[in-house]
Amino acid sequence: MKRVFPILAVLTGVLLSYALYEALIAAPTEQTMGDVQRIFYYHVPSAWTAFILFFINFFASIVYLIWRNNKADIVALVTAEVGVVFCTVVLVTGPIWARPVWGIWWTWDLRLTLTLVLWLIYVSYLVLRRFSSSGQTPLLAAVLAVFGALDVPLVYFSIWFFRTQHPQPVIGGGGSIDPRMLHVLLINWLAFSCFAALVCWSRYRLEVLRREVDETLALEALLEPRSPQTRTSPTGSAG
Amino acid sequence: MTYLYAAYIATWVIHIAYLGSLLRRYTRLRNEIAEFKTRIDEKN
């Protein structure tokens, strides 16, 4: 496995560079919006990657709730964290595209609002995991993740079932896209998915190491003989 | 083009900031392990 990581890292780097070239240079320019439409090649793949990560988080949380499996708990934590990063990219690139096209940075449209709610749910998930010291934290986080994941299909299908200001889906739902643009979109999605997998892998290894160190330190503290000043007699008095 | 570059730069700033936070956490953990090893060596 140690050899696979650098190979995957190099492949991801090459793929991301190629995807960037395709997005900025090779992809045809959209007639109405012009070059600003190219933001779509970063915005949409980031959203899809975030959705996949949140779904993995959902399944890992279910596994944790049923079997109390620690590896599933780590997978849930890692995918939520990386998912929030990708969701942040979506929430930043969206308004940058909207400003020249709609003339406004933000509107309380259903798709946009639900995406912001999704981001807030997973940020609160991470805050819970970071600041709660209770032994029940993984359990509470798993329950929150299961309810939070309900927002993912709502975000995705909101533009299918409701009339919103957000553009209609480019794949499925009656949408259509130039095949060359679709090719660039899928290349970028593949590149960002590989990048997300690589980051998740690193974060997983870091979390495993973190827990091992915490357990060792806790064990050390338990085994360490108490100093005479703090030692107490069986009756509870000092000395 | 300004908005296009702004979006692409913002994307990579976010990703690099997150990678930086991972690196910082990893360095902190490595220091903790080094301190722990020193403590164990001193005891022995």
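Residues numbered from 1 in each chain as written. Chains lettered and ligands numbered in written order. Predicted model: local features only at pLDDT ≥ 70, side-chain atom pairs only at ≥ 80, totals over all residues. Heavy atoms only, no water.

**Some thoughts on the overall build of chain A**
Inference 1: Per the secondary structure count, chain A includes seven helices and zero strands.
Inference 2: When the elements of chain A are put in sequence order from the N terminus, they spell out α-α-α-α-α-α-α.
Inference 3: Since a compact globule built from 239 residues should have a radius of gyration of about 18 Å, the 23 Å found for chain A marks it as more spread out than a globular shape.
Inference 4: With respect to the three principal axes, the spread of C-alpha positions in chain A is 85 × 40 × 30 Å.
Inference 5: When burial is assessed residue by residue, chain A has 42% of its 239 residues classed as buried.
Inference 6: Counted over contacts in chain A with a minimum sequence separation of 6, partners at least 24 positions apart contribute 73%.
Inference 7: For chain A, the accessible surface area stands at approximately 13100 Å², while carbon and sulfur atoms represent 68% of it. (Helix = DSSP H or I, 4+ residues; strand = E, 2+ residues; numbered from the N terminus. Rg over C-alpha atoms; globule rule 2.2 N^0.38 Å. Buried < 20%, exposed > 50% of the residue type's maximum accessible area, 1.4 Å probe, protein only. Contact = heavy atoms within 4.5 Å. Areas by Shrake-Rupley, 256 points an atom, 1.4 Å probe, with all protein chains shown as cover.)

**Points about the side chain of Ser46 of chain A**
Residue and element names in this part refer to chain A.
Inference 1: In this fold, Ser46 is placed in helix H2 (residues 40–67).
Inference 2: Judged by its relative accessible area of 0%, Ser46 is buried.
Inference 3: At 2.6 Å, the side chain of Ser46 forms a polar contact with the backbone oxygen of Tyr42.
Inference 4: Contacts of Ser46, omitting those with residues within four sequence positions, involve Phe86, Val89 and Val90. (Polar contact = N/O pair within 3.5 Å; in protein donor to acceptor, adjacent residues only side chain to side chain.)

**Overview of the confidence of the model for chain A**
Do not read the fine detail of predicted coordinates wherever pLDDT is low.
Inference 1: Here chain A averages 89 in pLDDT, while 92% of its residues score no lower than 70.
Inference 2: Overall, residues 231–239 of chain A carries pLDDT values under 50, and its contacts beyond four positions in sequence, including any with other chains, amount to five contacts. (pLDDT = per-residue confidence, 0-100.)

**Concerning the environment of Thr79 of chain A**
Residue and element names in this part refer to chain A.
Inference 1: Along the chain, Thr79 turns up in helix H3 (residues 70–102).
Inference 2: Using a relative accessible area of 5% as the deciding quantity, one classes Thr79 as buried.
Inference 3: Note: C-alpha distance between Thr79 and Asn57 (22 residues apart in sequence) is 5.6 Å.
Inference 4: With residues up to four places along the chain from it excluded, the contact list for Thr79 reads Leu53, Ile56 and Asn57.
Inference 5: Separated by 3.1 Å, the side chain of Thr79 and the backbone oxygen of Ala76 make a polar contact.

**Observations concerning the confidence of the model for chain B**
Inference 1: Across chain B, pLDDT averages 93, with 100% of residues at or above 70.
Inference 2: For this predicted complex, the interface confidence reaches an ipTM of 0.93, while the overall pTM sits at 0.90.

**A closer look at unusual backbone geometry**
Residues and elements named next belong to chain A.
Inference 1: Backbone geometry places Arg68, a non-glycine residue, at a positive phi of 55°.
Inference 2: For Arg68, the position within the fold is in the loop between H2 and H3.
Inference 3: With relative accessibility at 44%, the residue Arg68 sits in the partly exposed group.

**Considering the interface of chain A and chain B**
Inference 1: Of the residues lining the interface, 34 residues belong to chain A; the matching set on chain B comes to 22 residues.
Inference 2: Roughly 2600 Å² is buried in total at the junction of chain A and chain B, and carbon and sulfur atoms are behind 77% of that figure.
Inference 3: The largest per-residue losses of area from chain A upon contact with chain B belong to Tyr42, Leu206 and Glu220 of chain A, which jointly make up 19% of the total buried on that side.
Inference 4: Ionic pairing is found between Arg25 of chain B and Glu81 of chain A, a salt bridge with its closest N-O pair at 2.9 Å.
Inference 5: Between the two partners, chain A and chain B, sit seven residue pairs in polar contact (both at pLDDT 80 or more).
Inference 6: Listed by contribution, the elements that provide at least two residues to the side of chain A that touches chain B are helix H1 (4–26), H2, H3 and helix H7 (179–223) of chain A. (Buried area = accessible area lost by both parts, 1.4 Å probe. Salt bridge = Lys/Arg side-chain N within 4 Å of Asp/Glu carboxyl O.)

**Examining the environment of Phe36 of chain B**
Inference 1: Here Phe36 of chain B is to be found in helix H1 (residues 2–43).
Inference 2: For Phe36 of chain B, a relative accessible area of 18% gives the class buried.
Inference 3: Those residues in contact with Phe36 of chain B that sit more than four places away from it in its chain are Thr216, Leu217 and Glu220 of chain A.

**Quick look at the packing of H3 of chain A against H1 of chain B**
Inference 1: Packing of H3 of chain A against H1 of chain B brings their axes to within 9 Å, and their N-to-C directions diverge by 160°. It follows from the interaxial angle that H3 of chain A and H1 of chain B lie roughly antiparallel. As for how H3 of chain A packs across H1 of chain B, the hand of that crossing is right-handed. From H3 of chain A, Glu81, Val82, Val85, Phe86, Thr88, Val89, Val92, Thr93, Ile96, Arg99 and Pro100 of chain A reach across to H1 of chain B, where they touch Tyr3, Ala6, Ala7, Ala10, Thr11, Ile14, His15, Tyr18, Leu22 and Arg25 of chain B. (Axes fitted to C-alpha atoms, helices over the stretch in contact; angles between N-to-C directions. Parallel < 35°, antiparallel > 145°, perpendicular 65-115°, else oblique. Left-handed = near helix turned anticlockwise from the far one by under 90°.)

**Quick look at the packing of aromatic side chains**
Inference 1: In total, this model carries 19 aromatic pairs over all chains according to the counting rule given.
Inference 2: Each member of the aromatic cluster is reached from another via a ring pair, and the members are Tyr42, Phe86, Phe192 and Phe195 of chain A together with Tyr8 and Trp12 of chain B.
Inference 3: Above the face of the Phe131 of chain A ring, Arg130 of chain A is positioned so that its terminal group lies 5.0 Å from the ring centre.
Inference 4: Positioned above the aromatic ring of Phe5 of chain A is the side chain of Arg205 of chain A, whose terminal nitrogen or guanidinium carbon lies 5.4 Å from the ring centre. (Phe/Tyr/Trp six-rings, centres within 6.5 Å; stacked < 30°, edge-to-face > 60°. Lys NZ or Arg CZ within 6 Å of the ring centre and 35° of its normal.)

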